[in-house]
Amino acid sequence: MTGIVIIGSGLGGYSLARELRRLDPAVAITMVTADGGELYSKPMLSAAFAQGKDVQALAQKTARQMEGELGLTVVTRQRVTAIDRAAKRVVLGSGEAIAYGRLVLAMGADPRPYRVEGSEEVTVHTVNDLDDYAAWRDGLVPQGRVLLIGAGLIGSEFANDLTTAGQRVTVVDPAPWPLGRLLPRELGEELATALGGIGVTFRLGRSITRLDPGKAVLDDGSVVAFDKALSAIGLVPRTALAAAAGLVVDKGIVVDRWLRTSDPAIFALGDCAQTEAGPLPFVLPLMAEAKALAATLAGRETALSLPALPVVVKTPALPVAVCPPVPGATGEWVVSGEGRDRKALFVGADGQPLGFALSGSFTAERQPLAKEMPDLL
Amino acid sequence: MKKYVCVVCGFVYDPAIGMPEDGIPAGTAFEDIPDDWCCPDCGVSKSDFELQEG
Ligand SMILES: Cc1cc2nc3c(=O)[nH]c(=O)nc-3n(C[C@H](O)[C@H](O)[C@H](O)COP(=O)(O)OP(=O)(O)OC[C@H]3O[C@@H](n4cnc5c(N)ncnc54)[C@H](O)[C@@H]3O)c2cc1C
Ligand SMILES: [Zn+2]
């Protein structure tokens, strides 16, 4: 039987390859990746600057080292341009084709592009992989002025990291407080105060109406001058290749409990996939997906089960942990504690807690509290 | 000895097992692991581990 082909060398692709190799020492694995194939920790991208880490320090293993360690072939800097499901092969940018017995899509997500009047004339960075990180770090001047668009989870982490590293950061977001979709007002305002305390300038409840090189005009007419601009306004699962091959896609590539797409020979995991619990663009579910899928591919059909998912926000200025309720859940926030130390439970109509947000000393309750939340899958 | 869990991916460091492949022999307390050690599963730094409850 022809082997397994994995598209993508992120944590999804490499975790699957590692788990699969543990279970099946013999199966042929070929990985095709558009990037350099280095093993790196994507969560470190928004925490690495203050630790003084450059791209070399972030790249933990080269593709060649991974080939040796896991006994697979990694084809780097090659984009898969088409999936030929009838012939069971993927077509690369070079024109070469690779046959597969089973195919795994671990293609990740694209940063949502930021567009506003004038944005074509201005370099607005996004940081979603090592190449992006190198481009962003290149030309950052000491005490530079950074315009950061988006105060969500990744934007807030970057604001903390860059400020700790001495950059002067202004964050613009139309939401009234950071992490607007994950935190109730009380915790969001504490986070804004804490980040403000280390030197972050917030322009909340505001949007940019126009970008010019070196300056942004906001909707109240004020101007923010900057040396470099970074946008963190969300991620969009990469579905185009799957859709072009006729696979069912929605927000992400739709998979069942076995991580199977609408083609029984093709699977998906990580940021590109949409599970029955929706897209889950975090490492914890990705690891569970890799383990379940590896077992299935090794011949032991294993359904994905996922407990509630607590996410630690990397904002040392105020430690925060969130466990978001499933999208569309109805209920209300019940907040206790005071100052930096707060505990918020998202409580459904029947009194059952569905999710939570914790700050300060309450983040220590994250693990036991997560066990009380309903399972995702 | 106490176990530590990676807050990003859930990997558990068990001192009874150590990380022989990283040159950390069985019996090494978490506190004695070098500071530049990284999570073997997701690669975040040692500072992203916390004490496992229970
Ligand atoms: C700054 C930042 C901080 C984060 N912090 C956290 C955190 O603290 N905790 C947490 O749980 N999660 C965090 N996340 C999310 C987490 O990092 C991601 O969910 C996870 O890394 C996704 O891995 P992946 O393998 O699915 O995708 P990716 O790592 O994006 O990998 C996708 C791969 O597919 C390849 N590819 C794409 N298209 C093609 C093609 N056509 N042909 C060939 N190759 C292709 C790419 O080159 C790449 O190798 C963070 C994300 C970011 C951006
Ligand atoms: Zn980890």
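Overview of the structure. (Residues numbered from 1 in each chain as written. Chains lettered and ligands numbered in written order. Predicted model: local features only at pLDDT ≥ 70, side-chain atom pairs only at ≥ 80, totals over all residues. Heavy atoms only, no water.)

**Digging into the site of ligand 1**
Then comes step 1: Around ligand 1, the surrounding shell holds 33 residues, and the nearest of these are G12, D35, D271, V283 and K314 of chain A.
Then comes step 2: Near ligand 1, the surrounding residues are drawn from chains A and B.
Then comes step 3: Here A106 of chain A contributes a backbone N or O atom positioned 3.4 Å from an oxygen atom of ligand 1.
Then comes step 4: Coverage of ligand 1 by the protein amounts to 95% of the 1,000 Å² it exposes when considered alone.
Then comes step 5: Contributing elements (two or more residues each) for the shell around ligand 1: α1 (11-23), α5 (153-164) and α8 (283-297) of chain A.
Then comes step 6: Take the shell around ligand 1: its biggest share by element is 3 residues, from α5 of chain A. (Near = heavy atom within 4 Å. Polar contact = N/O pair within 3.5 Å; in protein donor to acceptor, adjacent residues only side chain to side chain. Areas by Shrake-Rupley, 256 points an atom, 1.4 Å probe, with all protein chains shown as cover. Helix = DSSP H or I, 4+ residues; strand = E, 2+ residues; numbered from the N terminus.)

**What about the pairing of strand β7 (residues 102-105) of chain A?**
All names here are of chain A.
Then comes step 1: Here β7 shows two buried faces, one formed by R102 and V104 and the other by L103 and L105.
Then comes step 2: Here strand β1 (residues 4-7) runs beside β7; their pairing, made up of 4 bridges, is parallel. Paired with I4 across the strands is R102, a residue of β7.
Then comes step 3: By the bridge criterion, 3 bridges tie β7 to strand β19 (residues 266-268) in an arrangement that is parallel. What sits directly across from L105, in β19, is A268. (Buried < 20%, exposed > 50% of the residue type's maximum accessible area, 1.4 Å probe, protein only. Pairing = 2+ DSSP bridges.)

**Let's talk about α5 of chain A**
Residues and elements named next belong to chain A.
Then comes step 1: Taking 1.5 Å of rise per residue, the 12 residues of α5 would be expected to cover 16 Å, and the 17 Å separating its terminal C-alpha atoms lies within 8% of that figure.
Then comes step 2: Most of α5 is tucked away, with 10 of its 12 residues classed as buried.
Then comes step 3: Among all positions in α5, only L153, G155, S156, E157, F158, A159, N160, D161, L162 and T163 are buried.
Then comes step 4: Contacts from the buried residues of α5 go to α4 (130-137), β10 (145-149), β11 (168-173), α6 (185-198), β16 (228-231) and β21 (311-313). (Expected span 1.5 Å × (residues − 1). Contact = heavy atoms within 4.5 Å.)

**Describing unusual backbone geometry**
All names here are of chain A.
Then comes step 1: In this model, Q143 sits at a positive phi of 55°, which is unusual for a non-glycine residue.
Then comes step 2: Mapped onto the fold, Q143 is located in the loop between α4 and β10.
Then comes step 3: One non-glycine residue with positive phi stands out, namely L259, at about 65°.
Then comes step 4: In this structure, L259 sits in the loop between β18 (253-254) and β19.

**Describing the environment of S41 of chain A**
Then comes step 1: Considering the arrangement of structural elements, one finds S41 of chain A in the loop between β2 (29-32) and α2 (55-58).
Then comes step 2: We classify S41 of chain A as buried; its relative accessible area is 1%.
Then comes step 3: With near-sequence residues (within four places) excluded, S41 of chain A lies in contact with L58 and Q60 of chain A together with C42, G43 and V44 of chain B.
Then comes step 4: In terms of polar contacts, S41 of chain A uses its side chain to reach the backbone carbonyl oxygen of C42 of chain B, at 2.7 Å.

**Topic: the interface of chain B and chain A**
Then comes step 1: If you look at the interface, chain B gives 17 residues, while chain A gives 16 residues.
Then comes step 2: Carbon and sulfur atoms make up 48% of the area that chain B and chain A hide from each other, which totals about 1,300 Å².
Then comes step 3: Here chain B and chain A share 6 residue pairs in polar contact (both at pLDDT 80 or more) between them.
Then comes step 4: Class assignment of the residues belonging to the side of chain B that touches chain A gives a composition of 9 nonpolar, 4 polar and 4 charged. (Buried area = accessible area lost by both parts, 1.4 Å probe. Nonpolar A, V, L, I, M, F, W, Y, C, P; charged D, E, K, R; others polar.)

**Here's the deal with the sheet that holds β7 of chain A**
Residue and element names in this part refer to chain A.
Then comes step 1: The strand order β3-β2-β1-β7-β19 describes an open sheet built from 5 strands, whose pairing is parallel. Every other strand in the sheet has two partners, leaving β3 (73-75) and β19 as the edge strands with one partner each. Taken over all neighbouring pairs, the strand axes of this sheet differ in orientation by 20° on average, direction set aside.
Then comes step 2: In terms of strand pairing, β1 meets β2 through 4 bridges, oriented parallel. Among the inter-strand pairings, I7 is bridged to a residue of β2, identified as V32. (Axes fitted to C-alpha atoms, helices over the stretch in contact; angles between N-to-C directions.)

**What about α8 of chain A?**
Every α-helix carries 3.6 residues per turn, so stepping three or four residues along brings you back to the same face.
Residues and elements named next belong to chain A.
Then comes step 1: Between the first and last C-alpha of α8 there are 21 Å, a value that for 15 residues agrees with the 21 Å anticipated at 1.5 Å per step.
Then comes step 2: Of all the 15 residues making up α8, 12 are buried; the element is thus mostly covered by neighbouring parts of the structure.
Then comes step 3: Within the sequence span of α8, burial applies to V283, P285, L286, M287, E289, A290, A292, L293, A294, A295, T296 and L297.
Then comes step 4: On its buried face, α8 is in contact with β1, α1, β7 and β19.

**Details of the coordination of the zinc ion (ligand 2)**
Residues and elements named next belong to chain B.
Then comes step 1: Taken together, C6 (SG), C9 (SG), C39 (SG) and C42 (SG) make up the protein donors of the zinc ion (ligand 2), found 2.3 to 2.4 Å from the metal.
Then comes step 2: Around the zinc ion (ligand 2), the 4 donor atoms are arranged such that angles at the metal cover 103 to 116°; this shape is classified as tetrahedral.
Then comes step 3: Between consecutive donor residues of the zinc ion (ligand 2), the sequence gaps follow C-x2-C-x29-C-x2-C. Residue C6 is found in strand β1 (residues 4-6), and its partner C39 is found in the loop between β2 (12-13) and β3 (49-51); the two are separated by 33 residues along the sequence. The pair formed by C6 and C39 is uniform in burial state, with each residue classed as buried. (Donors = N, O, S within 2.8 Å, 3.2 Å for Na, K, Ca; no water. Tetrahedral: all angles 85-135°; square planar, octahedral: opposite > 155°, others 65-115°.)

**Comments concerning the pairing of strand β13 (residues 208-212) of chain A**
Residues and elements named next belong to chain A.
Then comes step 1: Bridge count between β13 and strand β14 (residues 215-218): 4 bridges; the pairing is antiparallel. Residue R210 lies in a different strand from β14, and its bridge partner there is V217.
Then comes step 2: Here β13 folds back onto β14, and the loop between the two strands holds 2 residues, one of which, G214, carries a positive phi near 85°.

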